[in-house]
Amino acid sequence: MKIKNICCIGAGYVGGPTMAVIAQKCPKVNVTVVDINENRIAQWNDPDVEKIPIYEPGLSEIVKEARGRNLFFSTDVESAIDKADMIFISVNTPTKTYGIGKGMAADLKWIELCARQIASVAKNDKIVVEKSTLPVRTAAALKDILDNTGNGVRFQILSNPEFLAEGTAVDDLKNPDRVLIGGDIDTTEGKEAMDALVSIYASWVPRENILTTNVWSSELSKLTANAFLAQRVSSINAMSELCEKTGADVEEVARAVGMDSRVGPKFLKASVGFGGSCFQKDILNLVYIAKSFGLEEVADYWEQVIKMNNHQKRRFAANMVRKMYNTVSGKKIAILGWAFKKDTNDTRESAAIYVTDYLLNEQAEVVVYDPKVTEEQIFSDLNYLGTRSDEENRRMVTVVNSPMEACQDSHAIAVLTEWDEFKELDWKEIYKNMLKPAFLFDGRRLLDRKTKEEIGFEFYAIGN
Ligand code: NAD
Ligand code: UGA
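The name given to the protein in an unreviewed UniProt entry is UDP-glucose 6-dehydrogenase, with Salinimicrobium marinum as the source organism. Recorded under Sequence similarities (unreviewed entry), the UniProt text for the protein is reproduced unchanged: "Belongs to the UDP-glucose/GDP-mannose dehydrogenase family." In its Function (unreviewed entry) section, the UniProt entry covering the protein states "Catalyzes the conversion of UDP-glucose into UDP-glucuronate, one of the precursors of teichuronic acid."

Quick look at the structure:
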C-alpha cells in the first residue's frame, strides 16, 4: 500500500516537527497537521516563518521549504481525517488531574476523542498511528472504539512512539537512533500497514534502524526508554549530593563511570533536576501501570526516580537560602534561564518553576531572564502551581529582556538553564553591579568555577 495523504492530529512539539520532516523527506506525500487550537495553527501558518509556535534549531527552514507544497496546517480536523490514508495521533497525554489515577495515570481523554472523531468521519480503510506516548495496551482501547462504528471501515492500529528530544528535534528526526513500529504482526493486513509506515521512514532512515515489533512491546518500549533516561539523571544527581559532602567532583565521577562502555558517557550530567513534559509524566504512568498489576516493588523502584528529582530541585533552592545566611527575604535573586533545557522555549515541568516558587515562599524578589521564554509563559507557569495569586506573583517576580538587567543590584544569581549565551556573559561587569558578597549558584554546571571565584563570586555548583 502506498501512502499519499497523511493527517496528523496535534500540532504540538511532536506533531509539528515530525510532520515537517516527513513532508521534507517525502515530497510526494501530502501531510496535513491539524489541531483544535486555532491560535497554534495560525502561528504555524504565519507568513513570517520565524513566528512558528515552536522554537527548534533548523525547524523554520524546513517549514519554509515544505509549507504550502506538501505540508499544511489546518483546524479542519474532519476533512483532513477524511482525506488521509494514514492518521497519526500526536495529541497531549498529560498526567490525570482528577478521578481514578489522579496525579499518576495518563489522561487519555484527548486520545479517545481523536479515535471517536476518526470513527465518525472515516469512509474508507485507514491506518491509525499512535505517535503520542501511551500506556501499554492503549491500542486495544483504540481498536475497540474504531471497530464499533458499524460503517464497515477497517482500521489498522500501529504504535510508532517518538524519541526526539526538544532542542535537538530536527537532528533527532533526521538521524534517529532507531524508529520503532509496533503492529499486528500476525495478520497480512497488519503487516501491510507496518510496511506502509516503514516505507515512509525508509525514505531517509536506514532500513536496519527501523525496528518492527508487536504493538505492546512498542508501547512499553517508549515508557521504558524515558524511564531509563530519567533514571540516569536521578542516579548522577544522587551522586552529586554525595560529591558535595565528600570532596569528590561529580563531573570527574561521571567521566570515569561513563568511560565504561557498558555505561556510556551520555546523559550523565548532574543538574538542578530534570524537567520537560515527559519524564515525570511517563514514569508516573509506568508506576501506575505497575501498581494496577499489583507489582508494588516495580512501582516503588521507578517512583524513586521522581522522588530523587523532586529532592534535587528542593535541595538546590534550600542550599541557596542556607548559603545566603538562612534568609533571602527581600533579597533580589536573578534567575538565568526558565526553559527546561537549552534551545527550546518549552517550560513544562522546568526546574526553574519549582526553584522560584521555593524562593518566593522565602519572600525573595525574583528577576527572570530567558532568551526564548515569554513573560506571559513565566507567569502562567507560576500561577499554575496555585501557591499564590497572580497579583502576588506579579508583585514578587519581574521578567526582563537582558541578563545584565536581571543581575543588576542582585544578591544572588541562579543559572537554571544551560543556554550557551550564559557562558559568554561579561561576568566581571555582572559582579561589579551586584551586592556583595555576590552569590552565584550554578544549577547546570555551565560555568567555570575558577574564573568565577577569581572575579570574587561566592560560587556554588551542583556536585562539588
Ligand atoms: P503538545 O501539547 O505540544 O501538543 C499536543 C497538541 O494536540 C495540542 O496543540 C492540542 O491542542 C492538540 N490536541 C489535543 N486534542 C486534540 C484533538 N482532539 N484534536 C486536535 N488536536 C488536539 O504535546 P507534545 O509535546 O507534542 O506531546 C504529544 C505526545 O507526544 C505526548 O503523548 C507526549 O508524551 C509525546 N512525546 C512528546 C515529546 C516531546 O519532546 N514533547 C517527545 C516524544 C513524545
Ligand atoms: C526526553 C527524551 O530524551 C526523548 O528521547 C523523549 O522522546 C522525550 O523525552 C519525550 O518522550 O518527551 P526531552 O525531555 O525533550 O526528551 O529532553 P532531554 O534532553 O531528555 O532532557 C530532559 C531533562 O533532563 C532536561 O531538563 C535536561 O536538562 C535534563 N538532563 C538531561 C539532565 O539534567 N542531565 C542529563 O545528563 C540529561
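The helix and strand tally for the protein stands at 18 helices and 14 strands. Here the protein has a C-alpha radius of gyration of 24 Å; the compact-globule value for 464 residues is 23 Å, and the two agree. Judged by the C-alpha coordinates and their principal axes, the protein covers about 75 × 50 × 45 Å. Counting over 464 residues, the protein shows a buried share of 46%. Contacts in the protein between residues at least 24 apart in sequence constitute 75% of all its contacts with a sequence separation of at least 6.

Our focus in this paragraph is the UniProt feature "domain: UDP-glucose/GDP-mannose dehydrogenase C-terminal" (unreviewed entry) in the protein. The positions UniProt marks with the feature "domain: UDP-glucose/GDP-mannose dehydrogenase C-terminal" (unreviewed entry) are residues 334-449. Secondary structure across residues 334-449 comprises 35% helix and 16% strand; the distance between its end C-alpha atoms is 18 Å.

Turning our eyes to something else, we now look at the site of ligand 1. Among the 27 residues in the neighbourhood of ligand 1, the closest are listed as G10, G12, Y13, S132 and T133. Looking at the shell around ligand 1, the element that brings in the most residues is helix α5 (residues 109-121), giving three residues. Grouping the constituent residues of the shell around ligand 1 by class yields 13 nonpolar, 10 polar and four charged.

Looking now at the domain arrangement of the protein. Interface size is often expressed as the accessible area that is lost when the parts come together. Taken as a whole, the protein is organised into domain 1 (5-205) and domain 2 (215-464). A straight line from the C-alpha centre of domain 1 to that of domain 2 covers 31 Å. Of the residues lining the interface, 27 residues belong to domain 1; the matching set on domain 2 comes to 26 residues. Mapped onto the side of domain 1 that touches domain 2, the elements with two or more residues apiece are α6 (138-146), β6 (155-159) and β7 (179-183).

Conventions adopted
Residues numbered from 1 in each chain as written. Chains lettered and ligands numbered in written order. Predicted model: local features only at pLDDT ≥ 70, side-chain atom pairs only at ≥ 80, totals over all residues. UniProt positions renumbered as here; feature names shortened; annotations may be inferred. Helix = DSSP H or I, 4+ residues; strand = E, 2+ residues; numbered from the N terminus. Rg over C-alpha atoms; globule rule 2.2 N^0.38 Å. Buried ≥ 20, exposed ≤ 12 C-beta atoms within 10 Å, placed from the backbone. Contact = placed C-beta atoms within 7 Å. Near = placed C-beta within 6 Å. Nonpolar A, V, L, I, M, F, W, Y, C, P; charged D, E, K, R; others polar. Domains from an automatic or database assignment.

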